[in-house]
Amino acid sequence: MARILILGGTGEARALAGALADMPGVEAVSSLAGRVRAPRLPVGDVRVGGFGGADGLAEWLRGHRVDAIVDATHPFAARITTNAADAADRCGIPLVVLRRPAWSSRPGDNWVDAANLAAAAGQLPDLGTRVFLTIGRQEVDAFAGLYAQWFLVRAIDPPDVAMPPQSTLLLARGPFAVADEIALMREHRIDVLVTKNSGGTQTDAKLDAARELGVPVLMVRRPPLPSAAATVEDIAGAVEWIGAVTR
Ligand code: NAP
């Protein structure tokens, strides 16, 4: 049996675990960071919690005789992606990064590019005063120094970092419908949307809503991937890659 480690925390990672459950000659273990209180669990073996940096991960890989790694973490989870590339390289284990394509703008969109969250916080005052902040809960404090804006902060679990001084927290997990996003943005008189360029279909309804309402979108760019990383864009690509490296 070839042992596959899936670094997870995304819908794609769950879907891949499901696909590998039916693949002969392969056994997979999914790894979650443990950030979400009640995560949607993948099928099959699951482990939860950090490894202890690249060193800890390398030790874990050797101890569990992993044959191949699929890094199916979120496009903004840069640290685990760097650590995984480093540990895989040191252990001589093949690794592929499964990354859904980024969103790209369409006619009618008014997107403003931000290099990262700190830059976005600097750009925001020029764009609006009633902000829909949809960047997850971990880095909300990048906006905590903005006093003139009001924020609707949407996250799955409550942030444990500083919130912007004028803000309301909305706990919700996608997928979201366009009509609901439009109603929510109208209700709160949102005049700017802030999002990471996560890609995918779970949370893209807000982009359709912003286009429909003529609301600008401050779109935070993805962090770069490790330079040598092999990548695939979807589950089929990851399954094909696993088939090739475990043959
Ligand atoms: P990160 O900054 O890249 O990683 C921070 C640390 O968390 C890592 O060094 C590692 O700890 C641990 N970790 C991260 N992902 C892990 C995994 N799949 N299995 C075991 N340990 C993991 O990651 P993050 O941005 O905090 O994201 C954490 C998790 O949430 C990831 O699984 C990611 O896919 C998911 N997620 C992130 C976002 C986002 O916007 N960042 C959005 C949706 C889902 P050690 O160094 O101790 O190994």
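Per chain, residue numbering runs from 1 following the sequence as it is written. Local features in a predicted model are, by the rule used here, given only for residues with pLDDT of at least 70; side-chain atom pairs are given and counted only at 80 or more, and totals for whole chains, interfaces and linings are based on all residues. To get the side-chain values, all heavy atoms of the structure are used, and hydrogens and water are removed first.

By secondary structure assignment, the location of Ser-167 is in strand S9 (residues 167-171). With a 1.4 Å probe rolled over the protein chains alone, any residue whose accessible area is under 20% of its type maximum counts as buried; one over 50% counts as exposed, and the rest are partly exposed. Note on Ser-167: relative accessible area 24%, which makes it partly exposed. Here the alpha-carbon distance between Ser-167 and Asp-204, two residues 37 residues apart in the chain, equals 23 Å. For Ser-167, the contacting residues outside a window of four places in its chain are Trp-150, Phe-151 and Val-153. N or O atoms closer than or at 3.5 Å make up a polar contact, with two conditions inside protein: a donor-capable atom paired with an acceptor-capable one, and, for residues adjacent in sequence, both atoms drawn from side chains. Here Pro-164 takes part through its backbone oxygen, which lies 2.8 Å from a polar atom of the side chain of Ser-167. Secondary structure elements are defined from DSSP: runs of H or I of at least 4 residues count as helices, runs of E of at least 2 residues count as strands, and each element is numbered from the N terminus. Whether two residues are in contact is decided by their heavy atoms, any of which lying within 4.5 Å being enough.

Looking now at the pairing of strand S11 (residues 217-220). The alternating pattern of S11 places Val-217 and Met-219 and Leu-218 and Val-220 on opposite faces, both of which are buried. For strand S6 (residues 111-114) and S11, the ladder comprises four bridges, and the chain directions are parallel. When the sheet's bridge partners are listed, Trp-111 is paired in S11 with Val-217. Strand pairing is assigned whenever DSSP identifies at least 2 bridges connecting the two strands. Pairing analysis gives four bridges linking strand S10 (residues 192-196) to S11, with the strands arranged parallel. Note on S11: the bridge partner recorded for Lys-196 is Val-220. Orient the strands so they point away from the viewer, and a crossover whose first-strand-to-second-strand path over the helix runs clockwise is right-handed. Following the backbone out of S10, through helix H6 (residues 205-213) and into the adjacent parallel S11, one traces a crossover that is right-handed.

This next bit is on the site of the ligand. By convention in this text, a residue qualifies as near a molecule or strand provided that one of its non-hydrogen atoms is within 4 Å of it. In the region of the ligand, 22 residues are neighbours, and Gly-8, Ser-31, Arg-35, Phe-51 and Lys-196 sit closest. A distance of 2.7 Å separates a nitrogen atom of the ligand from a polar atom in the side chain of Ser-31. Within the contact set of the ligand, an oxygen atom lies 2.9 Å away from a backbone nitrogen or oxygen of Arg-79. With residues, only the protein chains shown are counted as cover, and all accessible areas are computed by Shrake-Rupley using a 1.4 Å probe. For the ligand, whose free accessible area comes to 800 Å², the fraction covered by protein is 82%. Elements that contribute at least two residues to the shell around the ligand include exactly strand S2 (26-32) and helix H3 (78-91). Among the elements that make up the shell around the ligand, the one with the highest residue count is H3 (four residues).

Working definition: a ring pair exists when centres of Phe, Tyr or Trp rings (six-membered ring for Trp) sit within 6.5 Å. Plane angles under 30 degrees give stacked, over 60 give edge-to-face, the rest tilted. Across all of its chains, the model carries two aromatic pairs by this definition. Only when the NZ atom of a Lys or the CZ atom of an Arg is both within 6 Å of the ring centre and within 35 degrees of the ring normal do we say a charge sits over the ring. The cationic tip of Arg-47 hangs over the ring face of Phe-51; the distance from NZ or CZ to the ring centre is 3.9 Å. The ring of Phe-176 has Arg-154 sitting right over it, with the charged end atom 3.6 Å from the ring centre.

Okay, the nonpolar core next. Counting 18 residues, the largest nonpolar core has Leu-124, Leu-133, Phe-143, Phe-151 and Val-194 as the members making the most contacts within it. For this core, the secondary structure elements donating two or more residues are helix H4 (117-123), strand S7 (130-134), strand S8 (150-155), S10 and S11. The element contributing the most residues to this core is H4, with three residues. Not counting residues within four places of it along the chain, the set of residues in contact with Val-194 comprises Leu-124, Val-131, Phe-132, Leu-133, Thr-134, Ile-135, Phe-143 and Leu-218. Working definition of a nonpolar core: buried Ala, Val, Leu, Ile, Met, Phe, Trp, Tyr and Cys residues. They are joined through side-chain atoms within 4.5 Å. Ranked by size, the runner-up nonpolar core spans 17 residues in total, among them Ile-6, Leu-20, Leu-98 and Val-232.

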